[in-house]
Amino acid sequence: MPAPLDVLPLADGVGLPWDVPVDDAVGVIAAARASCGDSFVVRSGGSEYLFTFSPTGVESFYALPEGVASKGVADYLMLRRKLPDALFAGRRLLPSSLFRRDDVSSYLAHLDHALDATEDELGERGSVELFALTRRLGHRMGLASWAGPGCAEGDAFEELVRAFDVLDGSQAFVHPDAMAAVAASGKRDERTALDDVATVIEDAVRQHDSESQPDDGLFGRIVEAWASEAAEVRRRGIAMDVALIHIASMSNLMAALGWAIVDLLGHPEQLRLVVAGDADLAQRCALESTRLAQRSIMARAVVEPVAFDTGAGVVDVPPGWTIATLLPLLNTSVAPGLEGWEPARWNRHRLAEAGALASPMLVTAFGHGKHSCPAQPFSLSAMTMAMTRLLGGYDMTPLWEDYPCPVPAQIGGVARSAGRCEALYVRR
Ligand code: HEM
């Protein structure tokens, strides 16, 4: 018989960063865990959260069915702190439609072209902020892949980059402390940026309509989904589908690529092998850097009452609660040796020594269970291609002295660097 939730300790006075000012979002939950144990309750901003970190609790978490405890609802509740409601209402193609057959090879071809453009911009030598470089690369690849004709070059590209940087949904978890100001402004800047995105994409739709050759990629599928609507509704609907897909898709990948480059620059032997074409090693490096950079809060919004096994007992969790775990408190600490960068610990997409863990689900880069990332193979291929080309094409010298730190308030996604990660480069 499940117990009521009040058998669990309450982390008294703990608030989450979108509700109260917090210096170190992950540190606050770590301190609550140190005093309360592996499963506890947080009440913050009028909402209730059950955090769990025990092997059984984490396994129960990944087993939660979507209809009972929803990842989709939890993501929406997070993203709507930053993004205008107009972006969510009435979408026809969602980010989950990104990976049909042939899609990945087309995205990788666009990445190849985006890398050509990046090399043109870098020129022979100079200095560059690595995370800005990867972010721009991600915009170019993504927009070429699904935003319609002309959106990945020239003025249209620059306009979209500017608007998407304002409209960056990941700010909801990278800078949760900034969300009160976003709410106070009525999301004014975000709504303006969304209109700017719509103007550029609607022009791309007009250009698409005037071309005889049909687009057989994702943009073509989005256009098709709106085919029966009147002109204005159709253009706006297409633009909003493109915008949500772009916002939801690229930012973690490009942050992870940034860390993979940072880590390889600190490990010259592996760097040499990756540049020489060892794609298998490159994928392990990508997984390892992503594991270490994980700041994800994994959350499920409870929509039906659920009996949840925390490992210390089964509790009844009512609708309206959120069940959560936090990867940075697991990934590097559930077994000795996990704190260091060691690509050899990965065997294909799995930890070689997962059997030594109390549960294999305690460590992850791309998630476990039904909701695990559908973009994992694509992301690893994209990171491999980008690392190999950028580090093979340029000799880079990092200008940072200490290993870069994540943004302290960040609670979600792949870490963003708190400081600038500047590197000098010269073409090889
Ligand atoms: C290195 C890059 C990436 C990392 C580390 C990553 C990580 C993750 C993780 C940990 C989850 C599971 C979250 C959970 O269970 O709550 C997830 C789910 C998801 N990811 Fe990724 N991801 C990456 C790139 C991408 C890209 C590029 C896309 C799209 C283009 C994408 C689309 C998705 C989607 C749609 C889901 C939800 C799947 C579902 O709910 O069934 N991801 N990702």
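Look up a bit, the structure's there.
Here the structure is a predicted model, which means the values were calculated and not measured.

Draft legend 1. Highlighting the overall build of the protein chain. In terms of regular secondary structure, the protein chain is built from 15 helices and 12 strands. Against the globule reference of 22 Å for 428 residues, the protein chain gives a C-alpha radius of gyration of 22 Å, in line with a compact fold. Across the 428 residues that make up the protein chain, the buried fraction comes to 53%. A separation of at least 24 residues holds for 78% of the contacts in the protein chain among residues at least 6 apart in sequence. In the form shown here, the protein chain has an accessible surface area of approximately 18400 Å², with 52% of it arising from carbon and sulfur atoms.

Draft legend 2. Quick look at the site of the ligand. The full set close to the ligand counts 21 residues, and Leu98, Ser249, Arg300, His371 and Cys373 are the nearest of them. Arginine 300 places a side-chain nitrogen or oxygen 2.8 Å from an oxygen atom of the ligand. A distance of 2.8 Å separates an oxygen atom of the ligand from a polar side-chain atom of histidine 371. Counting residues per element, the ones that place at least two in the shell around the ligand are helix 12 (251-265) and strand 5 (297-302). For the shell around the ligand, the element with the highest residue contribution is helix 12, accounting for 3 residues. Per-class residue counts for the shell around the ligand are 11 nonpolar, 7 polar and 3 charged. Here the shell around the ligand gathers at least three residues from each of two domains, domain 1 (1-82 + 297-330) and domain 2 (83-294 + 331-427).

Draft legend 3. Fine view of the coordination of the iron atom of the ligand. Looking at the protein side alone, the iron atom of the ligand has one donor only, Cys373 (SG), at 2.3 Å. Locating cysteine 373 in the fold gives a position in the loop between strand 10 (350-351) and helix 15 (376-393).

Draft legend 4. Here's a closer look at a nonpolar patch on the surface. A contiguous nonpolar patch, built from Val73, Tyr76, Leu77 and Val303 and spanning about 260 Å² of accessible area, is present on the exposed surface. Here valine 73 lies in helix 3 (residues 71-79). Here valine 73 falls in the partly exposed class, since its relative accessible area comes to 32%.

Draft legend 5. Focus on the state of the cysteines. Under the defined criterion, the tally for this structure stands at 0 disulfides. No disulfide involves cysteine 405; its nearest neighbouring cysteine sulfur is the one of cysteine 421, lying 9.5 Å away.

Draft legend 6. Molecular detail of the sheet that holds strand 5. The strand order across the open sheet built from 5 strands is 1-2-8-5-3, with neighbouring strands paired in mixed fashion. Two strands in the sheet have a free side with no partner beyond their single neighbour: strand 1 (39-44) and strand 3 (69-70). Where strand 5 meets strand 8 (residues 322-326), 5 bridges bridge the pair, whose relative direction is antiparallel. Bridge assignment links isoleucine 297 to a residue of strand 8, and that residue is leucine 326. Taken strand by strand, helix 2 (residues 55-63) contacts strand 2 (47-52), strand 5 and strand 8, and its axis lies near 60° from that of strand 5.

Draft legend 7. Main features of the environment of tryptophan 321. Tracing the backbone through its elements, the reader meets tryptophan 321 in the loop between strand 7 (314-317) and strand 8. Between the alpha carbons of tryptophan 321 and arginine 43 there is a distance of 9.8 Å; along the sequence they are 278 residues apart.

Draft legend 8. Fine view of the pattern of salt bridges. Within the structure shown, the criterion is met by 28 salt bridges. Between arginine 272 and glutamate 269 there is a salt bridge, with its nearest N and O atoms 2.8 Å apart. Linking arginine 272 with glutamate 269, this pair stays in helix 13 (residues 268-275), spanning 3 residues, or about one helical turn. On the accessibility criterion, arginine 272 (48% relative accessible area) is partly exposed. Residue glutamate 269 is classed as partly exposed on the basis of its relative accessible area of 44%.

Draft legend 9. Broad picture of helix 12. Under the 1.5 Å per step criterion, the end-to-end length of helix 12 is 21 Å for 15 residues, consistent within 8% with the ideal 21 Å. Within helix 12, 14 of the 15 residues are buried, leaving the element largely enclosed by the surrounding structure.

Draft legend 10. Region of the structure containing the nonpolar core. Membership of the largest hydrophobic core comes to 96 residues, with the highest contact counts inside it found for Leu130, Ile201 and Met387. Looking at this core, the element that brings in the most residues is helix 12, giving 11 residues. When neighbours within four sequence positions are excluded, methionine 387 is seen to be in contact with Leu257, Ala260, Ile261, Leu264, Val274, Ala282, Cys285 and Gly392.

Draft legend 11. A look at the packing of helix 12 against helix 14 (residues 279-293). Running from N to C, helix 12 and helix 14 point in directions that differ by 110°, and their axes come no closer than 8 Å. When the axis of helix 12 is compared with that of helix 14, the two are roughly perpendicular. Residues Ala256, Trp259, Ala260, Asp263 and Leu264 of helix 12 touch helix 14, and the partners they reach there are Cys285, Ser289, Thr290 and Ala293. By residue class, the composition of the contact of helix 12 with helix 14 is 6 nonpolar, 2 polar and 1 charged.

Draft legend 12. Fine view of the pairing of strand 7. Of the two faces of strand 7, the one lined by Val315 and Val317 is fully buried and the one lined by Val314 and Asp316 carries no buried residue. One ladder, built from 4 bridges, connects strand 6 (residues 306-309) with strand 7; its direction is antiparallel. Bridging across to strand 7, alanine 307 finds its partner in aspartate 316.

Draft legend 13. Expanded view of helix 4 (residues 103-122). For helix 4, with 20 residues, the first-to-last C-alpha span of 28 Å sits near the 28 Å given by 1.5 Å per residue. When we look at burial in helix 4, the residues that qualify are Asp103, Tyr107, Leu108, Leu111, Ala114, Leu115, Ala117, Thr118, Glu119 and Leu122. Of the surrounding secondary structure, the elements contacted by the buried residues of helix 4 are strand 4 (125-129), helix 5 (130-146), helix 10 (218-225), helix 15, strand 11 (394-398) and strand 12 (422-427). Trailing helix 4 by a residue or two, glycine 123 shows a phi angle of about 70°, which is positive.

Cut-offs used in this document
- Residues numbered from 1 in each chain as written.
- Predicted model: local features only at pLDDT ≥ 70, side-chain atom pairs only at ≥ 80, totals over all residues.
- Heavy atoms only, no water.
- Helix = DSSP H or I, 4+ residues; strand = E, 2+ residues; numbered from the N terminus.
- Rg over C-alpha atoms; globule rule 2.2 N^0.38 Å.
- Buried < 20%, exposed > 50% of the residue type's maximum accessible area, 1.4 Å probe, protein only.
- Contact = heavy atoms within 4.5 Å.
- Areas by Shrake-Rupley, 256 points an atom, 1.4 Å probe, with all protein chains shown as cover.
- Near = heavy atom within 4 Å.
- Polar contact = N/O pair within 3.5 Å; in protein donor to acceptor, adjacent residues only side chain to side chain.
- Nonpolar A, V, L, I, M, F, W, Y, C, P; charged D, E, K, R; others polar.
- Domains from an automatic or database assignment.
- Donors = N, O, S within 2.8 Å, 3.2 Å for Na, K, Ca; no water.
- Patch = residues over 30% accessible without salt bridge, like charges linked within 9 Å, V, L, I, M, F, W, Y side chains within 5 Å.
- Salt bridge = Lys/Arg side-chain N within 4 Å of Asp/Glu carboxyl O.
- Disulfide = S-S within 2.5 Å.
- Pairing = 2+ DSSP bridges.
- Axes fitted to C-alpha atoms, helices over the stretch in contact; angles between N-to-C directions.
- Expected span 1.5 Å × (residues − 1).
- Core = buried A, V, L, I, M, F, W, Y, C linked by side-chain atoms within 4.5 Å.
- Parallel < 35°, antiparallel > 145°, perpendicular 65-115°, else oblique.

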